[in-house]
Each structure stands twice: as C-alpha cells, then as structure tokens.
Amino acid sequence: DQQVKQNSPSLSVQEGRISILNCDYTNSMFDYFLWYKKYPAEGPTFLISISSIKDKNEDGRFTVFLNKSAKHLSLHIVPSQPGDSAVYFCAASATNNNDMRFGAGTRLTVKP
Amino acid sequence: DTAVSQTPKYLVTQMGNDKSIKCEQNLGHDTMYWYKQDSKKFLKIMFSYNNKELIINETVPNRFSPKSPDKAHLNLHINSLELGDSAVYFCASSLRTGGEVLFFGSGTQLSVL
C-alpha cells in the first residue's frame, strides 16, 4: 500500500539549471509533507517541509509546492549545484498519527 | 556530536542467528522509530516508541523485538535471522509524535548469508 509515490527514480540536470522533483500521495488525511535528502551511507536528513494550510514554502534555493486537490507536491531547486546530487525522499504524515510514509526516492544528479 | 547514533554500521551474519542493533539519541526527543529500507529502496516504518511506550507496531514478524530502556534508547533485537531480513535499518527520533521532523541515524546494513 504505497501511499506516497515518486514515479521518477532518477533525474539528471545541468549545474545552474532548475531541478524539479515530483511526488504524489493518495491519503487525504496527510497534512504535513516533507522532503529529505540522502547521501550514500548516511541517513536521510530533513530538507524542507510544508503544512497543508499552505501551497508554497521557500527556503533559499529550495521551494516546495503543494497542490492539495491533485494530491501532488514538488520540490524545486534553483540553481542546482553538484553538491545537491543525492537521493531525495518525499514523506507525508497526519498530525495525530505517528506513521510517516515515504516515497521510494528520486536520485538527482547535477552535472558540472 | 552525533544526534542519532546507531551501531553497528555493518552487520554480516548467518541465517538463524540472533542479532541486535543499538540506537541512541541525544536530542532530548520523546519519540523514536525503526525504519527498514528494503531492496526497492522504500523506507517503511517498523516500530515507534513514545517515552518508552510502544505506539506503532507495523506488520513485522515477531522475530523483531524492539526494546526501549529509556526514552533516549531504542534497540532492535532480531531472532532467527532470515535471508529476507537483509536490508538497511534506520533508527530515527522526533521531538513529539505526529507531524514532526524525523532525525535519522546513519543506518545499519544487515546482510544475512
């Protein structure tokens, strides 16, 4: 029962360009959405989040967009840097539920 | 100063053995978790503890038994290891339950031969 889906296993972009990572979810009870970044041999680290009361949250080069009607969120990285190369996990949870669900991840490669 | 630390980082063992993975967090968080990353790279929750009490116990074989001696520690003991248990296991913690950012350990790569 995959409630959070990342349909693109990989993405390659040129340094300086925009990276757009997509995520879809099925559970309408989710009200908190997060993106985590993971380097090899390390645990996922929190990158940015958004509450369901918002449709956009920005933090430096990272912006997350939420479209509740489409049950879709995306992460924009502008400009992309080689150090952004990692696996990005989308995650979602409900406020009163301890069960955070993760997508399968998208491997981003930023080429110099 | 590592916030969530788990040991060992690598664990190679034979089928049928019993093994433990230890996890400690120094963030003062109330809630701790065990996640499993399988071969398809999905991160799936296994257990969640809040202040030493079990909150979530997903459909996990009862060969897996978490133990929380205090709210800073959540260890995972696995009995009678099977080939299918091979995966990366991540410990995590959060300030409270529900709608919180998770802080992850670096993972334990378990290989069952």
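This text gives an overview of the structure that appears in the document. A quick note: this is a predicted structure, and the numbers were derived from the prediction, not measured.

### A few points about the nonpolar core
Counting residues in each nonpolar core, the largest one holds 23 residues, and the members touching the most others are Phe-33, Trp-35, Leu-73, Leu-75 and Tyr-88 of chain A. The element that contributes the greatest number of residues to this core is strand 9 (residues 86-93) of chain A, accounting for four residues. Residues in contact with Phe-33 of chain A, not counting those within four places in the same chain, are Tyr-25, Ile-48, Ser-49, Ile-50, Ser-52, Leu-66, Leu-73, Ala-91 and Ala-92 of chain A. The next biggest cluster of nonpolar side chains, apart from the first, holds 20 residues, and it includes Cys-23, Tyr-49, Leu-74 and Cys-91 of chain B.

### Looking at the pattern of salt bridges
All names here are of chain B. Within this structure, the stated rule accounts for seven salt bridges over all chains. As a salt-bridge pair, Lys-44 and Asp-38 come within 3.8 Å of each other at their nearest N and O atoms. Ionic pairing is found between Glu-100 and Arg-96, a salt bridge with its closest N-O pair at 3.0 Å. Looking at Glu-100, the relative accessible area reads 18%, which means it is buried.

### Here we look at the sheet that holds strand 6 (residues 56-59) of chain A
Residues and elements named next belong to chain A. Read from one edge of the open sheet, five strands run 1-3-8-7-6, paired in antiparallel fashion. The open sheet has two edge strands with one neighbour each: strand 1 (4-5) and strand 6. In this sheet, strand 3 (residues 19-25) lies alongside strand 1 in antiparallel orientation, the contact comprising two bridges. Its bridge partner being in strand 3, Val-4 is matched across the sheet by Tyr-25.

The rules behind the values
Residues numbered from 1 in each chain as written. Chains lettered and ligands numbered in written order. Predicted model: local features only at pLDDT ≥ 70, side-chain atom pairs only at ≥ 80, totals over all residues. Heavy atoms only, no water. Core = buried A, V, L, I, M, F, W, Y, C linked by side-chain atoms within 4.5 Å. Buried < 20%, exposed > 50% of the residue type's maximum accessible area, 1.4 Å probe, protein only. Helix = DSSP H or I, 4+ residues; strand = E, 2+ residues; numbered from the N terminus. Contact = heavy atoms within 4.5 Å. Salt bridge = Lys/Arg side-chain N within 4 Å of Asp/Glu carboxyl O. Pairing = 2+ DSSP bridges.

In short, the description is geometric, and any link to function would need to be established separately.
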